[in-house]
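# Structural characterization, general
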Amino acid sequence: MRNLLTNPEGEITRPEFLKGLGFVAALIAASAALYFGSMQATASMPVQTTAMLPFLGVILFFVVATTAYFSWCIFAKRLRARGFSSNWPTICLVAIGGWAVTRFAARQIIGTGG
């Protein structure tokens with residue numbers, strides 16, 4: 001499993017791809033449960049006790065970064081096995097990252113972005 005998630009080189013079969021994708025989905029579900037659970041827990045707390053909440057943001061940042069890298073490795077291997085270039089996951093990751101940055105900039109700097 002470690003080689004599947006952390007090494008973008010090589011090729012994988014469909015069952016290995018589904019196994020890695022299931023692990024990534026479980027990691028996403030666990031981090032979402034942690035995030036929304038902490039929001040519910042801190043909703044009724046006084047302001048002084050919610051000062052620890054930004055530390056959860058640091059943890060979730062690393063979880064999201066790790067999940068993105070795991071997904072990139074899995075998709076690069078699977079696309080290579082299917083005969084495609086392994087650059088497609090990089091292109092998609094850059095596109096999604098660019099979209100996220102522009103949404104953040106629109107929200108924080110301009111004050112729009114829904």
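Remember, it's a predicted structure, so these values are computed and weren't measured experimentally.

### Remarks on the overall build of the chain
A tally of helices and strands in the chain yields four helices and zero strands. Its helices and strands taken in sequence order, the chain reads α-α-α-α from the N to the C terminus. Counting over 114 residues, the chain shows a buried share of 19%. Counting contacts in the chain only where the partners sit at least 6 residues apart, residues at least 24 apart contribute 63% of the total.

### Some thoughts on the nonpolar core
Among the nonpolar cores identified, the biggest contains seven residues, and these are Leu4, Leu5, Ile12, Phe17, Val24, Phe70 and Ile74. Elements that contribute at least two residues to this core include exactly helix H1 (2-6), helix H2 (14-42) and helix H3 (53-81). Each residue touching Val24, except ones within four places of it in the same chain, is listed here: Leu5, Thr67, Phe70, Ser71 and Ile74.

### A closer look at H2
Counted at 1.5 Å a residue, the expected span for H2 with its 29 residues is 42 Å, and the 42 Å between its end C-alpha atoms agrees. Every buried residue of H2 is listed here: Phe17, Gly20, Val24, Ser31, Ser38 and Thr42.

### Observations regarding the packing of aromatic side chains
Per the counting criterion, the structure on display carries four aromatic pairs. Taken together, a centroid distance of 5.2 Å and an interplanar angle of 75 degrees make the contact between Phe17 and Phe75 edge-to-face. Here Phe75 lies in helix H3 and Phe17 lies in helix H2, a separation of 58 residues in the sequence. Judged by relative accessible area, Phe17 falls into the buried class, the value being 12%. Under the relative-accessibility criterion, Phe75 is labelled partly exposed at 36%. Ring geometry for Phe23 versus Phe70: centroids 6.3 Å apart, planes at 50 degrees, classification tilted. Linking Phe23 in helix H2 with Phe70 in helix H3, this pair joins segments that are 47 residues apart in sequence. Judged by relative accessible area, Phe70 falls into the buried class, the value being 14%.

### So, the confidence of the model for the chain
Confidence along the chain averages 81 in pLDDT terms, with 88% of residues attaining 70 or more. For the chain, the element scoring lowest by mean pLDDT is H1, at 81; H2 scores highest, at 86.

### Points about a nonpolar patch on the surface
A cluster of nonpolar side chains, Leu18, Leu21 and Phe75, forms an exposed patch at the surface whose accessible area comes to about 240 Å². Assignment of secondary structure puts Leu21 in helix H2.

### Remarks on the environment of Arg2
Structurally, Arg2 is set in helix H1. With 18 residues separating them in the primary sequence, Arg2 and Gly20 have C-alpha atoms 9.9 Å apart.

Quick notes on the rules
- Residues numbered from 1 in each chain as written.
- Predicted model: local features only at pLDDT ≥ 70, side-chain atom pairs only at ≥ 80, totals over all residues.
- Heavy atoms only, no water.
- Helix = DSSP H or I, 4+ residues; strand = E, 2+ residues; numbered from the N terminus.
- Buried < 20%, exposed > 50% of the residue type's maximum accessible area, 1.4 Å probe, protein only.
- Contact = heavy atoms within 4.5 Å.
- Core = buried A, V, L, I, M, F, W, Y, C linked by side-chain atoms within 4.5 Å.
- Expected span 1.5 Å × (residues − 1).
- Phe/Tyr/Trp six-rings, centres within 6.5 Å; stacked < 30°, edge-to-face > 60°.
- pLDDT = per-residue confidence, 0-100.
- Patch = residues over 30% accessible without salt bridge, like charges linked within 9 Å, V, L, I, M, F, W, Y side chains within 5 Å.
- Areas by Shrake-Rupley, 256 points an atom, 1.4 Å probe, with all protein chains shown as cover.
- Salt bridge = Lys/Arg side-chain N within 4 Å of Asp/Glu carboxyl O.

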